[in-house]
Amino acid sequence: MKINSLIVVLIPDTADDACGLHLRKLKDAFADRAYMALTLLRRPNDPMRLYELANLAHQARVPTVVTNDVLFHTHDRRILQDVVTCIRHNTTIDEAGFVRERHADRYLKPPQEMARLFSRYPEAAARTMDIVERCRFSLDDLAYQYPDEVSVPGQTPQQALEALTWEGARSVYPDGVPDDVAETLRHELGLIGRMAYAPYFLTVNSIVRYARSQDILCQGRGSAANSAVCYVLGITAIDPARNSLLFERFVSEERGEPPDIDVDFEHARREQVIQWVYEHYGRDRAALTAVVIRYRAKGALRDVGKVMGLPEDLIRTLSGQTHGWGHRLDDDALTDSGIDLSDRRIRLTLDLARCLIGVPRHLSQHPGGFVLTHDRLDELVPIEPASMEQRQIIEWDKDDIDVLKFMKVDILALGMLTCMKKGLDLLAAHKGQHFTLQALPAEDPRTYAMIRKADTIGVFQIESRAQMSMLPRLKPRVFYDLVIEVAIVRPGPIQEDMVHPYLRRREGIEPENYPTPELEKVLKKTLGIPLFQEQAMQVAMICAGFTAAEADQLRRAMATFKNTGTVSQFQTRLIEGMRANGYDEEFAERIYQQLEGFGSYGFPESHAASFAILAYSSSWMKCTHPDVFLTSLLNSQPMGFYAPAQLVRDAREHGVEVRPVCVNASRWDSTLEGPETPEGRFAVRLGISLVKGLANDDAARIVAARASRPFTSIDDLWRRAGVKSAALTHLAEADAFRPSLGLTRREALWAIKALRDEPLPLFAAAEVTREAEEPDVLLQPMRDGAEVVRDYNRLGLTLRDHPLAFLRRDLRERDIVTCRQALAAKDGKRLTVAGLVLVRQRPGSAEGVVFMTLEDETANMNVIIWPDMFDANRRVVLGGQMLAVTGMLQKEGDVVHLVAKEITDLSGLLADIGNRSSAESTHDSDSAGERIVVRSRNFH
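No experiment lies behind these values; they were computed from the predicted model shown. (Residues numbered from 1 in each chain as written. Predicted model: local features only at pLDDT ≥ 70, side-chain atom pairs only at ≥ 80, totals over all residues. Heavy atoms only, no water.)

Q: Describe the overall build of the chain, naming the residues involved and giving the relevant values.
A: Tallying secondary structure elements over the chain gives 41 helices and 19 strands in all. The buried share among the 940 residues of the chain stands at 53%. Look at the contacts in the chain between residues 6 or more apart in sequence, and 70% of them connect residues 24 or more apart. Surface accessibility of the chain: about 43300 Å² in total, with carbon and sulfur atoms responsible for 51%. (Helix = DSSP H or I, 4+ residues; strand = E, 2+ residues; numbered from the N terminus. Buried < 20%, exposed > 50% of the residue type's maximum accessible area, 1.4 Å probe, protein only. Contact = heavy atoms within 4.5 Å. Areas by Shrake-Rupley, 256 points an atom, 1.4 Å probe, with all protein chains shown as cover.)

Q: An account of the sheet that holds strand β11 (residues 658–659) is requested, with residue identities and associated values reported.
A: Sheet strands line up and pair through hydrogen bonds in the backbone, either parallel or antiparallel. Here we have 3 strands laid out as an open sheet, ordered β11-β13-β12, and mixed in their pairing. Strands with a single pairing partner mark the edges of an open sheet, and in this sheet they are β11 and β12 (671–673). In this structure, β12 lies alongside strand β13 (residues 683–685), joined through 3 bridges in antiparallel fashion. Opposite E673, over in β13, you have A683 as the bridge partner. Where helix α29 (residues 626–634) meets the sheet, it contacts β11, β12 and β13, and its direction lies at approximately 150° from that of β12. (Pairing = 2+ DSSP bridges. Axes fitted to C-alpha atoms, helices over the stretch in contact; angles between N-to-C directions.)

Q: How would you explain the side chain of Q158 if you had to name every residue and give the values?
A: Note on placement: Q158 falls in helix α6 (residues 157–172). Look at Q158 and you get buried, because its relative accessible area is 17%. For Q158, the residues in contact, after removing those within four places along its chain, are L189, I192, G193 and A198.

Q: If you had to explain helix α18 (residues 445–452) to someone new, which residues and values would you point to?
A: Those residues of α18 that sit buried are T447, Y448, M450, I451 and R452. Of the surrounding elements, those touching the buried residues of α18 are α19 (465–474), α20 (479–488) and α28 (605–624). At the C-terminal side of α18, A454 shows a positive phi close to 60°.

Q: Let's hear about the confidence of the model for the chain: which residues, and what values?
A: Detail in the predicted coordinates should be disregarded across regions flagged by low pLDDT. Residues at a pLDDT of 70 or more form 86% of the chain, whose mean pLDDT is 83. For residues 560–567, every residue scores under 50 in pLDDT, and the model assigns this stretch 7 contacts once sequence neighbours within four places are set aside. In the model, residues 762–766 has pLDDT below 50 throughout and makes 0 contacts with residues more than four positions away in sequence or in other chains. (pLDDT = per-residue confidence, 0-100.)

Q: How would you explain the pairing of strand β15 (residues 850–855) if you had to name every residue and give the values?
A: Of all 6 residues making up β15, 5 are buried, and the element is well covered by its neighbours. Here strand β14 (residues 830–841) pairs with β15 via 5 bridges, running antiparallel. What sits directly across from Q841, in β15, is F851. Here β15 hands over to strand β16 (residues 860–865) after 4 residues, the two strands then running antiparallel side by side.

Q: Break down the sheet that holds strand β10 (residues 408–414) for me, with residues and values.
A: Spatially, the 7 strands line up as an open sheet ordered β4-β5-β10-β7-β6-β9-β8, and their pairing is mixed. The strands lining the two open edges of the sheet, one partner per strand, are β4 (218–221) and β8 (383–385). Looking at each pair of strands side by side, their axes are set apart by 45° on average, direction ignored. Examined bridge by bridge, strand β7 (residues 360–372) and β10 share 3 bridges and lie antiparallel to one another. Note that in β10 the partner of G369 across the bridge is D410. Together, β4, β5 (260–266) and β10 form the strand contacts of α28, whose direction differs from that of β4 by roughly 150°.

Q: I'd like a description of unusual backbone geometry, backed by residues and values.
A: Cis geometry marks the peptide bond from Q637 to P638, where omega comes out at 0°. Among the structural elements, P638 can be located in the loop between α29 and α30 (644–653). G674 connects to P675 through a cis peptide bond whose omega is 5°. Counting through the fold element by element, P675 comes out in the loop between β12 and β13. With a phi close to 55°, A31 is a non-glycine residue in the positive phi region. Here A31 lies in the loop between α1 (17–30) and β2 (34–38).

Q: Requested: an account of the side chain of Q365, with residues and values cited.
A: In this fold, Q365 is placed in strand β7. In terms of polar contacts, Q365 uses its side chain to reach the side chain of R391, at 2.8 Å. Sequence-distant contacts of Q365, that is, excluding residues within four places in its chain, are made with L288, T289, A290, V291, A386, S387, M388, R391 and I393. (Polar contact = N/O pair within 3.5 Å; in protein donor to acceptor, adjacent residues only side chain to side chain.)

Q: Describe in detail the packing of helix α3 (residues 78–89) against helix α12 (residues 297–307), supporting the description with residues and values.
A: In the contact formed by α3 and α12, the axes pass within 9 Å of each other and the chain directions differ by 90°. Judged by the angle between their axes, α3 and α12 are roughly perpendicular. Of the residues in α12, those in contact with V83, C86 and I87 of α3 are D303, V304 and V307. (Parallel < 35°, antiparallel > 145°, perpendicular 65-115°, else oblique.)

Q: Explain the nonpolar core to me, and be specific about the residues and the numbers.
A: By size, the foremost hydrophobic cluster in this structure holds 111 residues, and its most contacted members are L728, L731 and F737. Ranked by residue count, the leading element in this core is α28, at 9 residues. In contact with F737, other than residues within four places in its own chain, are V663, I714, L717, L728, L731, A732, G742, L743, A748 and I752. (Core = buried A, V, L, I, M, F, W, Y, C linked by side-chain atoms within 4.5 Å.)

Q: Tell me about the pattern of salt bridges, and please be specific about residues and values.
A: Across all of its chains, the model carries 47 salt bridges by this definition. Each of D735, R738, R745, E787, D791 and R800 takes part in salt bridges that share partners, so that together they form one network. (Salt bridge = Lys/Arg side-chain N within 4 Å of Asp/Glu carboxyl O.)

Q: Account for the packing of α12 against helix α15 (residues 344–356), naming residues and giving values.
A: Each pair of packed helices can be described by the angle between their axes along with the distance between the axes. Closest axis-to-axis distance for the α12/α15 pair is 9 Å, and the angle between their directions is 130°. Classed by the angle they form, the pair α12 and α15 counts as oblique. Between α12 and α15 lies a crossing of right-handed hand. Packed against α12, whose contacting residues are A300, L301, V304 and G305, the element α15 presents T349, L350, L352, A353 and L356 at the interface. Residue composition of the contact of α12 with α15, by class: 7 nonpolar, 2 polar and no charged. (Left-handed = near helix turned anticlockwise from the far one by under 90°. Nonpolar A, V, L, I, M, F, W, Y, C, P; charged D, E, K, R; others polar.)

Q: I'd like a rundown of helix α32 (residues 714–721), residues and numbers included.
A: Taken together, the buried positions of α32 are I714, D716, L717, W718 and A721. In the core, the buried residues of α32 are packed alongside α31 (696–705), α33 (725–733), α34 (738–741) and α35 (745–753). Two residues or fewer after α32 comes G722, characterised by a positive phi angle close to 70°.

Q: Go over the packing of aromatic side chains with me, naming the residues and quoting the values.
A: Geometrically, a pair of aromatic rings is defined through the distance of the ring centres and the angle of the planes. Counted under the stated rule, the structure contains 10 aromatic pairs. Between Y200 and F201, the aromatic rings sit 6.2 Å apart at their centres with planes inclined by 85°, giving edge-to-face as the arrangement. As far as the burial class goes, Y200 and F201 line up, both buried. When the centroid spacing of 5.5 Å and the interplanar angle of 75° are considered together, the rings of F435 and W620 count as edge-to-face. Taken together, the residues span a long stretch of sequence, with F435 in the loop between α17 (415–431) and α18 and W620 in helix α28 at a distance of 185 residues. Cluster of aromatic residues (ring-pair linked, three or more members): Y146, Y200 and F201. The residue whose ring lies beneath K109 is Y107, and the NZ or CZ to ring-centre distance is 4.2 Å. (Phe/Tyr/Trp six-rings, centres within 6.5 Å; stacked < 30°, edge-to-face > 60°. Lys NZ or Arg CZ within 6 Å of the ring centre and 35° of its normal.)

Q: Report on the environment of G528, specifying residues and quantitative values.
A: Mapped onto the elements, G528 comes out in the loop between α23 (517–523) and α24 (533–544). Discounting chain neighbours no more than four positions away, the residues touching G528 are R505, Y514 and L523.

Q: Break down the environment of F72 for me, citing the residues and quoting the values.
A: Its location among the elements puts F72 in the loop between β3 (64–66) and α3. Of the residues examined, F72 reaches a relative accessible area of 6% and is grouped as buried. Taking the C-alpha atoms as reference points, F72 and R106, 34 residues apart in sequence, are found 6.5 Å from one another.

Q: Break down a nonpolar patch on the surface for me, with residues and values.
A: A surface patch of nonpolar side chains, about 310 Å² in accessible area, is lined by F137, L139 and V403. As for its placement among the helices and strands, V403 is situated in helix α16 (residues 398–403). On the basis of relative accessibility, which here comes to 61%, the residue V403 falls in the exposed class. (Patch = residues over 30% accessible without salt bridge, like charges linked within 9 Å, V, L, I, M, F, W, Y side chains within 5 Å.)

Here it is as structure tokens:
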């Protein structure tokens, strides 16, 4: 925005020399667009202060305007203003002092009240309308121009795109481009040309080409996978011709909205791509969009609780009864916490926290949405430095630029791409098998057999509880079954009763029904049930006579079908159109209800297919090379539903040998070690990165120092690597000296205590002599349970016995069976199991049902907790690390659940594990008061 269109208003406190200087500078810079505000401070001598300010403005020939310097819209929001002020200054309301506003007058007032308050300055009050008249800016004045992307002189962007497209098509189809594909490409290129979107496609193509030139794995997804142009350019991996996808789902001439191509990159190397975009397009023409972070219930409770001076344990208890992504604070949910909700301070905390829910908290940056311009970006939108180095963001969020029709390039990160890239590299380096993501063996029967058993811990997308429950019922056998699997476990299809009819038809229990051949062509691949957004659009086009643009408007309107407004016209048009084309009333109503149900949650088939590629690829890697898969997963953390402890345990159950962290063998990342077994597997050596508290620099020094020869002692490591004793302590606590040096935790820690990071030169020789003469100290070995506790707390996993193995005798005395025994029991049997809580889920589609996974030393057990049971045990369910659940076993084929009837918190037993030296005996404590810390993954 040019400076000659700006209006500036100075809001001073007093009419001093500094104010006069600022006023004269503003007058020189802004001429008649400079104003000075007259504002009441509600302090003594306010009339005199306003008089002096008005005189100063008159002398500087700057007009005055009255303002209230508004901070809140109504007077009753003053207390909330005080709270957010205290949050900003990190203080409590009792200690805020003059940080708070001194009066409650800074709210919006009607014109009559402002005229009364400033009756001595009527011209200043009237001048407000002068400023309003001058503010004639329109968003249409922002002339957005996308950067040109032409590398060949004399070519237009459209010509450049067409040349690259046909070149890519010839590469994809070496035997000749099929006629239908060529026709599709011409149709898409024509539409792209009419919409002038060619530069956008060229930008995404150049970014993808750069990534691949740097050996960075990437893959486009979302509605862009509907585009044949994107496919032949190598941006997406889904052939629209083979999947009957709609280009109009991606780009619509009538809709007139810019395209939105999402490309996933390895999350470990995405920053390299982002920095290339900044450097390639220029930091004055490229920036990430912003994201407005808003308060949710848990965060609002924490911040307001601190301001109100509540104790930390009380804040933790209150927030612990709230779902992580919740937007509500229910008194009923807090009643069972034992907190006195009638206390005035607690009551006020809850009321103020409710007021903050949904309120913007801070401005963050979009995960990877770039706005690029032809001219300077700061002439269109304000830019500010991001908190991350070498990044900058605009101050508008995604919704703002959508309204302005700015084109956005999404450079996103996906952990599984990092995992697969590391896995492919390991395959090539250790097993001599060279694959790309697209060239992995397709339709492998062993892989699908593993998927049908829901043996999918760690794989992409189909590892969640809901997905694992669906897999044995859906029984995927080919790739398209995975596309269905990814899409069907969604709130829309589940809520609108599409899942069960589809499964019944798949099993041959219910017949498929197609009133017309045209409809059969659209719905045949999903057995007559519309599961994808593209199918909803095709049904409207074929059955009701919608144009492609109208069908896309229908898709967008489906998200608000349960609201009133223009949606009714789509309902009427759809049903009447189907009736006019020969469909009966009942069928038309049923189709409409199905579309209504999954409209807001429905999955595009193109998106599901893109995710299904990674689901299959990761499943193939786990099935065929579980050693490689585990190593790449551990080196790509954090990601997925499961922590490293569960990933390691699952791999060991699949026959993978896992070796502990070792100062002489481990690198920063986990690695594969020989010799190769007859089954073609290597052992997995855990990496030093798992050791909590150890810095990467210290690990690098250790690895470099042992390159010539292994360490022979702790003193040898300390002197050769040059790391401080604190780093060695982290390694000792992680038991990293035992594998090669034979030192237990206690022995290693004892030896480290003798080290001095900065020895005095005069006493160096005496120190060596003393150490040589010092007699060996015999230390009492740690109990087995204490070793397990230290493993979990220092590494997050253990290669020793499972924690519950040490408690099995106590659990047996309580008539608690193992998870493996429960899985083998008959349907309908009442029993009790206990385990560590791995995952808690409360999906929006489940209507309040909580799904939980428990783990003991034998297996995992899936638990269903109905809403009334959850409400009665909220604190235990949300806070317990180890739970006992009594319930009825429910079996449906290979799917086994325990429906909870009673829930008991056994977390206190975890503190006793350190006292156990074996699974059946108890001794004095060795764990120095420690208790095992179990990291569960919670998704709500």
